[in-house]
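These are the residues of each chain, in order.
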Amino acid sequence: SRYDAAFDWLRQGMARATSAMRAEAARCYLLGAGIYFRQAEFPRAMEWARMGLRLAEQIGSRADQAACLKLIGNLHRDQGDLALAIQALERARALFAELNLLGGQNDVLNDLGILYTRAGRWAETIASFEESMGISESIGDVLAVARTANNLAVVLVGRNQLGRAGELYQ
């Protein structure tokens, strides 16, 4: 919650970064974008996320690209642009999958499930949540299992699949 102090530290770090430290600068932009996102300063968050993405692309850091795309997708979602949100999150999911970064893939699949819910794309909603839950279970991420099970259960209640929803709630 100390956003000003966080930005002071980010700016200090970025001011000291050399051209050899572009990966660190990309992560600083991503951190700053996340802070702006939490403050609902969506245009500034998008600007910083895109700067981080550009740097990550220049240096070929696919993991940082995936993280930036995840945030960009969620920014588009929260601003109501579902098509661009899906595009960015699907790109992030593919990168996390290529890199076998299961935690990132798991989070993006949950985000996609939420997004597909908003778009009324029920089959994709359920598939995303199911895949996210499977990954969560396989890596032992109990919090993510609970989060995704709850998200899926809410959708299934709305789809009148009460038996499965009840199992998930338990």
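None of the values given here were measured: they were computed from a predicted structure.

(A) Examining the environment of Asn74 more closely. Within the secondary structure, Asn74 is located in helix α4 (residues 62-78). The sequence separation of Asn74 and Ala49 amounts to 25 residues, and the corresponding C-alpha distance is 11 Å. Once residues lying within four places of it in the same chain are set aside, the contact partners of Asn74 are Phe37, Leu89 and Asp111.

(B) Structural context of the pattern of salt bridges. With the rule as written, the count across this model stands at eleven salt bridges. Residues Asp64 and Arg27 are paired through a salt bridge, measuring 3.2 Å at the closest nitrogen-oxygen approach. Within this pair, whereas Asp64 is found in helix α4, its partner Arg27 is found in helix α2 (residues 22-38), the two being separated by 37 residues in sequence. What makes Asp64 buried here is its relative accessible area of 10%. In this structure, Asp78 engages Arg118 in a salt bridge whose closest nitrogen and oxygen atoms are separated by 3.8 Å. With Asp78 in helix α4 and Arg118 in helix α6 (residues 102-119), this residue pair connects regions lying 40 residues apart in the sequence. Its relative accessible area of 31% is what places Asp78 among the partly exposed residues. If you follow the salt bridges from partner to partner, you end up with Arg77, Asp78 and Arg118 in one network.

(C) A look at the side chain of Ser132. You can see Ser132 is positioned in helix α7 (residues 122-139). For Ser132, a relative accessible area of 0% corresponds to the buried category. Among all residues touching Ser132, those that are not within four sequence positions of it are Asn106, Leu109, Asn110, Arg147 and Thr148.

(D) Seen up close, the packing of α4 against α6. Closest axis-to-axis distance for the α4/α6 pair is 11 Å, and the angle between their directions is 20°. The pairing of α4 with α6 is recorded here as roughly parallel in orientation. Regarding α4 and α6, the two cross each other, and that crossing is left-handed. For the pair formed by α4 and α6, the contact residues are Lys70, Asn74, Arg77 and Asp78 on the first element and Asp107, Val108, Asp111, Ile114, Leu115 and Arg118 on the second. Residue composition of the contact of α4 with α6, grouped by class: three nonpolar, one polar and six charged.

Procedures and definitions
- Every chain's residues receive numbers from 1 upward, in the order its sequence appears when written.
- In keeping with the predicted nature of the model, local features appear solely for residues at pLDDT of at least 70, side-chain atom pairs appear and are counted solely at 80 or more, and the whole-chain, interface and lining totals rest on all residues.
- Only hydrogens and water are removed before side-chain values are computed, so all heavy atoms of the structure are retained for them.
- Strands here are runs of E lasting at least two residues and helices are runs of H or I lasting at least four, both read from the DSSP assignment and numbered beginning at the N terminus.
- Should any heavy atoms of two residues lie within 4.5 Å, those residues are counted as being in contact.
- Salt-bridge detection follows one rule: a side-chain nitrogen of Lys or Arg within 4 Å of a carboxyl oxygen of Asp or Glu.
- The rule is simple: take the accessible area with a 1.4 Å probe, protein chains only, and divide by the maximum for that residue type; under 20% is buried, over 50% is exposed, in between is partly exposed.
- Axes here mean lines fitted to C-alpha atoms, for a helix over just the part in contact, with angles spanning 0 to 180 degrees between N-to-C directions.
- Comment on the angle field: the value is read as roughly parallel under 35 degrees, roughly antiparallel over 145, roughly perpendicular from 65 to 115, and oblique elsewhere.
- In this scheme, a crossing is called left-handed if the near helix is turned counterclockwise away from the far one by less than a right angle; it is called right-handed if the turn is clockwise.
- Residue classes follow a fixed rule: Ala, Val, Leu, Ile, Met, Phe, Trp, Tyr, Cys and Pro count as nonpolar, while Asp, Glu, Lys and Arg count as charged, and any other residue, Gly among them, counts as polar.

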